Amino acid sequence: MRCPGPLWLVAANVVRWRRYGERGQEFRPGTKAFRGGAKVYVLDTYPGTGNEQLTAVGHGRHTGRWITVDTGTRHLHTFRARPVYSPAVLRRCAGVPARTREEATELAKRLEDVARRGRHTHHAAPHPDPCLCHACLPVSPE
């Protein structure tokens, strides 16, 4: 069976380090499901929660197989619209409404704003010194 394609989705990368623990004073690499820097595709968001949660597809941290996970938007960065040709991703997109390039680009901009705001407001404590979080790294696009 041949999968229909391409499909326009929002692609993003997992943050290399995320703040964790009491008042965000500890750091963890990536997320529990994805390695830091991994490329993921956003299948759907939860607009009722202000898009702070989304469903992402990417290669899993431990198995390397394609997995589908709900994760926090603040754990992703560099959102962009991309055409997807991978049959493994397209199979997981069965119930997802098709988007045009313009719709995917607009969603990517909205998610980037939500992610940036979430990274700055989730832990209401000052950053530790030295800080490895996504906003403080010198290679950060923010």
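Residues numbered from 1 in each chain as written. Predicted model: local features only at pLDDT ≥ 70, side-chain atom pairs only at ≥ 80, totals over all residues. Heavy atoms only, no water.

> Now, about the side chain of His 75: what can you tell me, with residues and values included?
In this structure, His 75 sits in the loop between strand S6 (66-72) and strand S7 (76-84). Excluding residues within four positions of it along the chain, His 75 makes contact with Asn 13, Val 14, Val 15, Arg 18 and Thr 31. (Helix = DSSP H or I, 4+ residues; strand = E, 2+ residues; numbered from the N terminus. Contact = heavy atoms within 4.5 Å.)

> Give a detailed account of the sheet that holds S6, specifying residues and quantitative values.
Across the sheet, which stays open at both edges, the 5 strands sit in the order S6-S5-S4-S1-S7 with antiparallel pairing between neighbours. Strand pairing shows two members of the sheet lacking a second neighbour, S6 and S7, which therefore form its edges. When the angles between neighbouring strand axes are averaged without regard to direction, this sheet yields 35°. Bridge analysis of strand S1 (residues 7-14) against S7 gives 7 bridges, and the strand direction is antiparallel. Looking across to S7, one finds that Asn 13 is bridged to His 77. (Pairing = 2+ DSSP bridges. Axes fitted to C-alpha atoms, helices over the stretch in contact; angles between N-to-C directions.)

> Kindly report on the nonpolar core, identifying the contributing residues and their values.
Judged by nonpolar contacts, the single largest core of 18 residues is most densely connected at Val 10, Phe 34, Val 40, Leu 54, Leu 76, Phe 79 and Leu 111. Here this core takes 5 residues from helix H2 (residues 101-121), the largest share from any one element. Those residues within four positions of Val 10 in sequence are excluded, and the remaining contacts are Val 40, Tyr 41, Val 42, Phe 79, Arg 80, Ala 104, Leu 107, Ala 108 and Leu 111. Counting 11 residues, the second-largest nonpolar core is a separate cluster that includes Leu 7, Leu 43, Leu 90 and Cys 93. (Core = buried A, V, L, I, M, F, W, Y, C linked by side-chain atoms within 4.5 Å. Buried < 20%, exposed > 50% of the residue type's maximum accessible area, 1.4 Å probe, protein only.)

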